[in-house]
Amino acid sequence: YKTVTIVNALSSDQNNTMISYRNPKYGISIQYPSDWNLSERADNGYHELNVVAEFLQPVQNSYYKPNISATHNSFRLSIQNYTSFEGAEDDNSMNNALRKIGNARMRAIGISCPGFDLKSYSRNATLSGMPAYQIEFNYSYLDNNKKATVIWTIKDDKVYIIDYVANENIYDATFPTAKKMITSFQIPS
């Protein structure tokens, strides 16, 4: 059964048409698969972030609970004011700022995600041509094992955060699509 899910997720992602999402309020844009469901949001419902848009994979299984965001296979775009991060006012360099955001994100994720297991921490990523930091981790939620990637950058006192989370059975098969989405993400110049 799990193998069928992986094959379906992979073939769906590989044959998918990418379409554009633009948010006029923040000036951001991204390409996403046409069969993913877009949910525009403006809340602090995911690890206390201001989620602007969430893209849900069409492949959701028994673990999916619509009212619990940690169960979704999804790609989230969040935009925060930099000053909302603890210690932000003390920063004098981009690397210090990115590191402080990373520490805050890992604290928030570690508190809310049982079994948080950091797999990698990259300090030389890029997002929309800007220096970025990126983490990859595993966790469990409601007896389901999840894998996730979070990448973030800062521009003009705004923090842009992308979270990609999926059930571990389909994460590896669907991550190439998430990577295309991350690469297509544009912050206004």
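Predicted, not measured: the structure shown is a model, and the values here were computed from it. (Residues numbered from 1 in each chain as written. Predicted model: local features only at pLDDT ≥ 70, side-chain atom pairs only at ≥ 80, totals over all residues. Heavy atoms only, no water.)

A. Structural detail: helix α3 (residues 168-184). In a regular helix each residue adds 1.5 Å, so 17 residues correspond to 24 Å; α3 covers 24 Å between its end C-alpha atoms and thus fits that length. Along α3, the helix axis deviates most sharply at T174, where the bend reaches about 55°; the proline P176 sits within four residues downstream. Among all positions of α3, only I170, Y171, A173, T174, F175, T177, A178, M181, I182 and S184 are buried. (Helix = DSSP H or I, 4+ residues; strand = E, 2+ residues; numbered from the N terminus. Expected span 1.5 Å × (residues − 1). Bend = angle between axes of the 7 residues up to and from the residue. Buried < 20%, exposed > 50% of the residue type's maximum accessible area, 1.4 Å probe, protein only.)

B. Structural detail: the pattern of salt bridges. Summed over all chains, the structure comprises 3 salt bridges. The partner of R76 in a salt bridge is E54, with the nearest N and O atoms 2.9 Å apart. One end of the pair, R76, is in strand β5 (residues 74-81); the other, E54, is in strand β4 (residues 49-56), and 22 residues separate them in sequence. Each of the two residues, R76 as well as E54, counts as buried. (Salt bridge = Lys/Arg side-chain N within 4 Å of Asp/Glu carboxyl O.)

C. Broad picture of the side chain of Q57. Looking at where Q57 falls in the secondary structure, it is placed in the loop between β4 and β5. A relative accessible area of 2% means that Q57 is categorised as buried. Reaching out from Q57, the side chain makes a polar contact with the side chain of T174 at a distance of 3.3 Å. Sequence-distant contacts of Q57, defined by excluding residues within four places in its chain, comprise W36, N73, Y164, A166, I170 and T174. (Polar contact = N/O pair within 3.5 Å; in protein donor to acceptor, adjacent residues only side chain to side chain. Contact = heavy atoms within 4.5 Å.)

D. View of the confidence of the model for the protein. Of all residues in the protein, 76% attain a pLDDT of 70 or more, and the chain-wide mean is 81. Confidence scores differ between elements of the protein, with helix α1 (residues 2-14) showing the lowest mean pLDDT of 41 and strand β2 (residues 28-33) the highest of 95. Long-range and interchain partners of residues 1-13, a stretch whose pLDDT sits below 50, account for 18 contacts in this model, where long-range means more than four residues apart. (pLDDT = per-residue confidence, 0-100.)

E. Up close: the nonpolar core. Residues F55, F75, L77 and F185 are the most contacted members of the largest nonpolar core, which totals 28 residues. Elements with a minimum of two residues in this core: β2, β4, β5, β6 (117-127), β9 (158-167) and α3. Looking at which element gives the most residues to this core, the answer is α3, with 6 residues. L98, I109, I135 and I161 belong to the second-largest nonpolar core, a separate cluster that totals 22 residues. (Core = buried A, V, L, I, M, F, W, Y, C linked by side-chain atoms within 4.5 Å.)

F. How the structure looks around unusual backbone geometry. The phi torsion at S128 lies on the positive side, around 55°, for a residue other than glycine. On the secondary structure map, S128 appears in the loop between β6 and β7 (130-141).

G. Just helix α2 (residues 94-112), in detail. Along its 19 residues, α2 runs 27 Å from first to last C-alpha, staying within 8% of the 27 Å computed at 1.5 Å per residue. Residues of α2 that are buried include every one of A97, L98, I101, G102, A104, R105, M106 and I109, and no others. Its buried side turned inward, α2 meets β4, β6, β7, β8 (144-155) and β9.

H. Molecular detail of the side chain of K155. Mapped onto the elements of the fold, K155 is located in strand β8. Salt bridges are absent for the buried K155, whose nearest opposite-charge side chain, D156, sits at 4.8 Å. Of note is the side chain of K155, whose polar atom sits 2.8 Å from the backbone oxygen of P188. (Lys, Arg positive; Asp, Glu negative; His and termini not counted.)

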